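Spelled out, the chains give:
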Amino acid sequence: MADSRTTAEGGMSTSYGFREVAEGEKQGMVNEVFHKVAKRYDIMNDVMSAGLHRAWKDAMIAALNPRKDPDYKVLDVAGGTGDIAFRIIEASGRQAHATVLDINGSMLSVGAERAAKRKLSDNLTFVEANAEELPFEPGTFDAYTIAFGIRNVPHIDVALKEAYRVLKRGGRLLVLEFSEVDMPLLDRIYDEWSFKAIPQFGKMITGDAEPYQYLVESIRKFPNQSDFAAMIRDAGFSRVTFTNYTGGIAALHSGWKL
């Protein structure tokens, strides 16, 4: 079936939602989606999660528990608008430094503007680059975070290996992503919301339903919790766990470079 999930064996690199595309074609198509929604990205997340993404992100930062230390360095990938990075800096008492990396310049521009308004620019570096080819030396960061972005990376296995490479020994990976609902009634309600309501809300907000249709479909193609945990282990991480939020609508995956 076109809407069946991919597994730990791969398949996301040629999946643009429920459409199969040629190898190498997905990244450009995904980039276009985020150019379209960059200035309304927070509204998009509210629509996609019915506002729950804020609580999930807060839980992610609580799990990270960043040190109140100017030498504490975090890499936040696919976080162009700064939503996760801002939370990390505030949780560290404005001590830590976060590098925000995104392949999409439009998203990074929004993040830089928001950082300046919050007077957080001194704690942040914005880098335009690909998660599959990080421009950093091995062992640079204490933590690597990515929220609702890993499913948009064509070669997830490559990105996870890059995460492992740039982390210090003892560093932590945290991945927050939409996942597989494990409650029978909730999954039906969520499907109705996703496929009928979200694209229509997207059209009302941005004038274009297509980006939202892709995002909904990409959630259903992403590997389930167990398969994604296996991918994290395959990349070299230890003590790999996941925590479901709201019946599995989202899940927080954790791994350590030991």
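The structure reproduced in this document is the subject of the present report. (Residues numbered from 1 in each chain as written. Predicted model: local features only at pLDDT ≥ 70, side-chain atom pairs only at ≥ 80, totals over all residues. Heavy atoms only, no water.)

1. Topic: the pairing of strand E8 (residues 238-245)
The side chains of a regular strand alternate between both faces of the sheet. Quick reminder of the rule: Whether two strands pair depends on DSSP finding at least two bridges between them. For helices the rule is a DSSP run of H or I covering at least 4 residues; for strands it is a run of E covering at least 2, with both sets numbered from the N terminus onward.
With six bridges connecting them, E8 and strand E9 (residues 250-256) associate as antiparallel partners. Across the sheet, residue Asn-244 finds its bridge partner in E9, namely Ala-251. Linking E8 to E9, which pair antiparallel, is a turn of four residues; within it Thr-246 sits at a positive phi near 50 degrees.

2. Things to note about helix H4 (residues 83-91)
Quick note on the threshold: A 1.4 Å probe rolled over the protein chains alone gives each residue an accessible area, and that area as a share of the maximum for its type sets the label: buried under 20%, exposed over 50%, partly exposed in between.
Among the nine residues in H4, seven count as buried, and that is most of the element. Among the residues making up H4, those that are buried are Asp-83, Ile-84, Ala-85, Phe-86, Arg-87, Ile-88 and Ile-89. Once H4 finishes, Gly-93 follows within two positions and takes phi at roughly 70 degrees, a positive value.

3. Side note on the packing of helix H6 (residues 156-166) against helix H9 (residues 225-234)
In plain terms, the rule: Comment: axis = line fitted to C-alpha atoms, over the contacting stretch for helices; angle = value between 0 and 180 degrees taken between N-to-C directions. Orientation labels follow simple angle bins: below 35 degrees gives roughly parallel, above 145 gives roughly antiparallel, 65 to 115 gives roughly perpendicular, and whatever is left gives oblique. Here is the rule for handedness: rotate from the far helix to the near one, and if that takes an anticlockwise turn smaller than a right angle the crossing is left-handed, while a clockwise turn gives right-handed. The contact criterion used throughout is that any non-hydrogen atoms of two residues lie within 4.5 Å. Gly counts as polar in this scheme, as do all residues outside two lists: the nonpolar Ala, Val, Leu, Ile, Met, Phe, Trp, Tyr, Cys and Pro, and the charged Asp, Glu, Lys and Arg.
At a minimum axis separation of 9 Å, H6 and H9 run at an interaxial angle of 50 degrees. Viewed along their axes, H6 and H9 adopt a mutual orientation that is oblique. H9 is crossed by H6, and the crossing has right-handed handedness. When H6 is examined against H9, the residues Ile-156, Asp-157 and Leu-160 are found in contact with a partner set consisting of Phe-228, Met-231 and Ile-232. Looking at the contact of H6 with H9 residue by residue, the class counts come to five nonpolar, no polar and one charged.

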